[in-house]
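What follows is the residue order along each chain.
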Amino acid sequence: DTAVSQTPKYLVTQMGNDKSIKCEQNLGHDTMYWYKQDSKKFLKIMFSYNNKELIINETVPNRFSPKSPDKAHLNLHINSLELGDSAVYFCASSQVGGGRFRHTEAFFGQGTRLTVV
Amino acid sequence: GESVGLHLPTLSVQEGDNSIINCAYSNSASDYFIWYKQESGKGPQFIIDIRSNMDKRQGQRVTVLLNKTVKHLSLQIAATQPGDSAVYFCAERAGTGGFKTIFGAGTRLFVKA
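Residues numbered from 1 in each chain as written. Chains lettered and ligands numbered in written order. Predicted model: local features only at pLDDT ≥ 70, side-chain atom pairs only at ≥ 80, totals over all residues. Heavy atoms only, no water.

K.L.:
Help me get a handle on the packing of aromatic side chains, residues and values and all.
P.N.:
Counted under the stated rule, the structure contains ten aromatic pairs over all chains. Among the aromatic side chains, those forming a connected cluster through ring pairs are Tyr33(A), Tyr35(A), Phe90(A), Phe108(A), Tyr36(B), Phe89(B) and Phe103(B). (Phe/Tyr/Trp six-rings, centres within 6.5 Å; stacked < 30°, edge-to-face > 60°.)

K.L.:
Describe in detail the environment of Ala113(B), supporting the description with residues and values.
P.N.:
Residue and element names in this part refer to chain B. Its location among the elements puts Ala 113 in the segment after strand 10 (107–112). Exposure remark for Ala 113: the relative accessible area of 81% places this residue in the exposed category. Each C-alpha atom, one on Ala 113 and one on Gly 16, is 8.7 Å from the other, the two residues being 97 residues apart in sequence. Apart from residues lying up to four places away in sequence, Ala 113 is in contact with Gln 14 and Glu 15. (Helix = DSSP H or I, 4+ residues; strand = E, 2+ residues; numbered from the N terminus. Buried < 20%, exposed > 50% of the residue type's maximum accessible area, 1.4 Å probe, protein only. Contact = heavy atoms within 4.5 Å.)

K.L.:
Go over the sheet that holds strand 5 (residues 56–58) of chain B with me, naming the residues and quoting the values.
P.N.:
All names here are of chain B. A sheet is described by the order of its strands in space; here four strands give the open sequence 2-7-6-5, paired in antiparallel fashion. Each edge of the open sheet carries a strand with a single partner, namely strand 2 (19–24) and strand 5. The sheet shows a mean angle of 15° between the axes of neighbouring strands, direction not considered. Relative to strand 7 (residues 72–77), strand 6 (residues 62–67) runs antiparallel, the two being bridged by six bridges. Looking at the pairing, Val 62 lines up with Ile 77 of strand 7. (Pairing = 2+ DSSP bridges. Axes fitted to C-alpha atoms, helices over the stretch in contact; angles between N-to-C directions.)

K.L.:
Lay out the state of the cysteines in plain terms, naming residues and giving numbers.
P.N.:
Under the counting rule described, the total for this entry stands at two disulfides over all chains. A disulfide bridge connects Cys23(A) with Cys91(A), and the sulfur atoms are separated by 1.8 Å. Taking the sign of the torsion about the S-S bond as the criterion, the disulfide between Cys23(A) and Cys91(A), at about -80°, is left-handed. With Cys23(A) in strand 3 (residues 19–25) and Cys91(A) in strand 9 (residues 87–94), the pair connects residues that are 68 residues apart, well separated along the chain. A residue is classified by how much of its surface remains accessible, and Cys23(A), at 2% relative accessible area, is buried. Judged by relative accessible area, which is 0%, Cys91(A) ranks as buried. Shown here is the disulfide that connects Cys23(B) with Cys90(B), its sulfur atoms set 1.7 Å apart. Here Cys23(B) and Cys90(B) share a disulfide; its torsion about the S-S bond, 50°, makes the bridge right-handed. Pair noted here: Cys23(B) is in strand 2 and Cys90(B) is in strand 8 (residues 86–94), with a separation of 67 residues, a long-range link. Judged by its relative accessible area of 2%, Cys23(B) falls in the buried class. (Disulfide = S-S within 2.5 Å.)

K.L.:
Let's hear about the nonpolar core: which residues, and what values?
P.N.:
All names here are of chain A. Among the nonpolar cores identified, the biggest contains 20 residues, and Trp 34, Met 46, Phe 47, Phe 64, Leu 76, Tyr 89 and Leu 114 are the most heavily contacted of them. For this core, the elements supplying multiple residues, two or more each, are strand 3, strand 4 (31–37), strand 5 (43–50), strand 8 (73–78), strand 9 and strand 11 (112–116). In contact with Leu 114, other than residues within four places in its own chain, are Leu 11, Thr 13, Ile 78, Leu 81, Asp 85, Ser 86, Ala 87 and Tyr 89. (Core = buried A, V, L, I, M, F, W, Y, C linked by side-chain atoms within 4.5 Å.)

Now the structure itself:
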């Protein structure tokens, strides 16, 4: 069983288009994340959602709009794609609630390689 | 600003040797630290974690050391194998409520057979 699954795995699109990436976790975690990994492998958090509520938005352009219909899903919609958006996007989930020592590590999906041409 | 780790360095070791990967963090308020392994084409995978009330934790072939005085983490891999070749990231759980994990820049480990 895949714990964190995201689709599609690859996405090639033209500048100016709008695209979405979907993510689902079956771990029962209360928190989900989107990360962006650039060509130098640097991983930067974009968003964090806890129980469907936006907790962290790391100065991401408002062309990026996450949506969490329920605790198990966190989708990422990107408007007016730009060349600089090309990267690998990772969805992740973890358990944060339940006290300090209930924190778990984050489980990551396989990534979506977005190429904007 | 916030930073964990160094720009992506490379470590090359002979199969069977021990590997040590180092990481510096800057947020003294962080209380939870994690090491991840990322293989080509895959997402980061959890290796081992440590809370700030400990200074050492051992897993299977891996040991994490935490030195809060100098804000330093290290990952030791015993008897390194070709399958250990990957990029390794240290990460810290920071921010109110623990909702933010900050990753270091990663270290690429090459294992020579």
